[in-house]
Amino acid sequence: MLDDRRLSPGLIRSLEVFVAVAETGQMRAGAKLLNLTQPAASQHINALEKAFGTQLLDRSRRPSPLTYAGARLHSKAQKIIDALSEMETELRHVGQDSLSLLRVGIQASVATTLTPHLIALAQTEFDVEDITLFAGQSGDHEQLLRTKRADLAITSNPFLDMDGLERHHILTEPYLLVLPQDYEGSTDSLEAIQAELPLVRFGDTTNAGRQIAQHLRRLRFEPGRVIQADRSSMVTSCVSAGQGFSLLTPTLLIDGMVENMSLRIAELPVSGLSRTLTVVARKGELHDLPTAVAKASRQELLRQIEAQMGEIANLDGL
């Protein structure tokens, strides 16, 4: 009998919170993943413990690990959430040929360029009725996919550590050297440029920023002066104003070129640094749509790169 421990109407949400806490290993981190306060997440865990009559977390230790019961519930809760997501997707198609709702996370640097084309593709070729778009960084996309608040993402991180996803390549592009238009110094090495200008790059909170920082460390290049920002438009505006130089890919430069910022673009004096854009979606849920999105995204991005930067588009044979 469970009369005095009835499951609350918010059971599914509580299970989602529990899975987030279990996977992040901390109440605070799990709450942040779901945009909840820590007390709110704690209430959900307490509700589950009351409903099942057992402790799920060992609160005598910090951080609190799962108890044996908690570990059992984690495994089953994830299966329940996955099954509900699959059911939701399947029911969207019952009795109709169209996909009623599509939720897409888009890399912020290409969101403006791709948004109208993605909407047109979804509406005209797949009869999607309602579309929700989220611009952001790859970390935002991971959260959206994990919490099932997005159906697919156009992202710079393929999330190889996440199971149950399908991935469709868009393009791989080289990083370029981006300088103020009136820069007249040497471009033979990053050290020579750094002697004249600070490095303006993406912050360490972004996938691009971490990638650039790691590559520069491998090259043993330690910039003495650094300006960090988390949007490509902020980086390019600093360079255009003569406040530094940067390393950016063609798609990261599109917005700045469209706004006619004064930039000088050249090949990078070091090799091996590139960025890949990928369409990531939960496996089998959207049929041919992810493949079509990847193809349309590649075509539009290459068109914009060619239109804005001409011969630069062919630096790596794109």
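Scroll up to find the structure.
Position labels on residues start from 1 in each chain and follow its written sequence. This being a predicted model, a pLDDT of at least 70 is required before a residue's local features are given, and a value of 80 or more before pairs of side-chain atoms are given or counted; all residues contribute to the totals for chains, interfaces and linings. Remark: hydrogens and water are excluded; side-chain values derive from all non-hydrogen atoms of the structure.

Looking at the overall build of the protein chain
Next up, step 1: Counting from the N terminus, the helices are the DSSP runs of H or I reaching at least four residues and the strands are the DSSP runs of E reaching at least two. Scanning the protein chain from N- to C-terminus turns up 11 helices and 10 strands.
Next up, step 2: The buried share among the 318 residues of the protein chain stands at 47%.
Next up, step 3: With an accessible surface of roughly 15,900 Å², the protein chain has 49% of that area assigned to carbon and sulfur atoms. Only protein chains enter the calculation, and the probe is 1.4 Å; a residue is then buried if its accessible area is under 20% of its type maximum, exposed if over 50%, and partly exposed in between. Where accessible areas are quoted, they stem from the Shrake-Rupley method and a 1.4 Å probe; at the residue level, only the protein chains shown are allowed to cover.

Looking at the side chain of His 168
Next up, step 1: Inspection of the secondary structure puts His 168 in strand β4 (residues 165-174).
Next up, step 2: In protein, a polar contact requires one atom able to donate a hydrogen and another able to accept it; more generally it is a pair of N or O atoms within 3.5 Å, and residues adjacent in sequence count only if both atoms are side-chain atoms. Among the polar contacts made by the side chain of His 168, one reaches the side chain of Glu 166 at a distance of 2.6 Å.
Next up, step 3: In what follows, a contact means two residues having at least one pair of non-hydrogen atoms within 4.5 Å. In this view, His 168 contacts Thr 278, Val 279, Pro 290, Thr 291 and Ala 294; residues no more than four positions away in its chain are not counted.

A closer look at unusual backbone geometry
Next up, step 1: A cis amide bond links Arg 62 to the next residue, Pro 63, at an omega of -5°.
Next up, step 2: Take Pro 63: it is sitting in the loop between α3 (38-52) and α4 (68-93).
Next up, step 3: With phi around 55°, Asp 127 is a residue other than glycine that occupies positive phi space.
Next up, step 4: Note on placement: Asp 127 falls in the loop between α5 (108-126) and β2 (130-136).
Next up, step 5: Accessibility expressed as a relative area gives 43% for Asp 127, which makes it partly exposed.
Next up, step 6: Although it is not a glycine, Lys 148 sits at a positive phi angle of roughly 60°.

Observations regarding the pattern of salt bridges
Next up, step 1: We count a salt bridge whenever a side-chain nitrogen from Lys or Arg sits within 4 Å of a carboxyl oxygen from Asp or Glu. Inspection of every chain in the model, using the stated rule, returns 12 salt bridges.
Next up, step 2: Ionic pairing is found between Arg 146 and Glu 23, a salt bridge with its closest N-O pair at 3.7 Å. With Arg 146 in helix α6 (residues 138-146) and Glu 23 in helix α1 (residues 11-24), this pair connects stretches of sequence that are 123 residues apart.
Next up, step 3: Given the relative accessible area of 32%, Arg 146 is considered partly exposed.
Next up, step 4: With relative accessibility at 41%, the residue Glu 23 sits in the partly exposed group.
Next up, step 5: Here Asp 58 and Arg 61 are joined by a salt bridge, their closest N and O atoms 4.0 Å apart.
Next up, step 6: Relative accessible area serves as the criterion here: at 22%, Asp 58 is assigned to the partly exposed category.
Next up, step 7: Ionic contacts of the salt-bridge type, sharing partners, join the residues Glu 23, Glu 142, Arg 146 and Asp 161 into one network.

Re the sheet that holds strand β3 (residues 152-155)
Next up, step 1: Strands were regarded as paired on the criterion that DSSP finds at least two bridges between them. Here we have five strands laid out as an open sheet, ordered β2-β1-β3-β10-β4, and mixed in their pairing. Every other strand in the sheet has two partners, leaving β2 and β4 as the edge strands with one partner each. Looking at each pair of strands side by side, their axes are set apart by 15° on average, direction ignored.
Next up, step 2: With four bridges joining them, β3 and strand β10 (residues 274-282) adopt antiparallel strand pairing. Helix axes use the C-alpha atoms of the stretch in contact, all axes being lines fitted to C-alpha atoms, and the angles between their N-to-C directions lie in the range 0 to 180 degrees.

So, α1
Next up, step 1: Expected span of a helix: the number of residues minus one, times 1.5 Å. Between its terminal C-alpha atoms α1 stretches 20 Å, which fits the 20 Å expected from 14 residues at 1.5 Å a residue.
Next up, step 2: Of the residues flanking the end of α1, it is Gly 25, one or two places downstream, whose phi is positive at about 85°.

Let's talk about the packing of α1 against α3
Next up, step 1: Interhelical geometry of α1 versus α3 gives an angle of 110° and a closest axis separation of 9 Å. When the axes of α1 and α3 are compared, the pair comes out roughly perpendicular. As for how α1 packs across α3, the hand of that crossing is left-handed. From α1, Leu 11, Arg 13, Ser 14, Leu 15, Val 17, Phe 18 and Val 21 reach across to α3, where they touch Ala 41, His 44, Ile 45 and Leu 48.
Next up, step 2: Of the residues assigned to the contact of α1 with α3, the class counts are eight nonpolar, two polar and one charged. Orientation categories follow fixed angle ranges, with anything under 35 degrees roughly parallel, anything over 145 roughly antiparallel, 65 to 115 roughly perpendicular, and all other angles oblique. Throughout, a crossing is termed right-handed when the near helix is turned clockwise from the far one, and left-handed when it is turned anticlockwise from it by less than a right angle. Three categories are distinguished: nonpolar for Ala, Val, Leu, Ile, Met, Phe, Trp, Tyr, Cys and Pro, charged for Asp, Glu, Lys and Arg, and polar for the others, with Gly belonging to the last.

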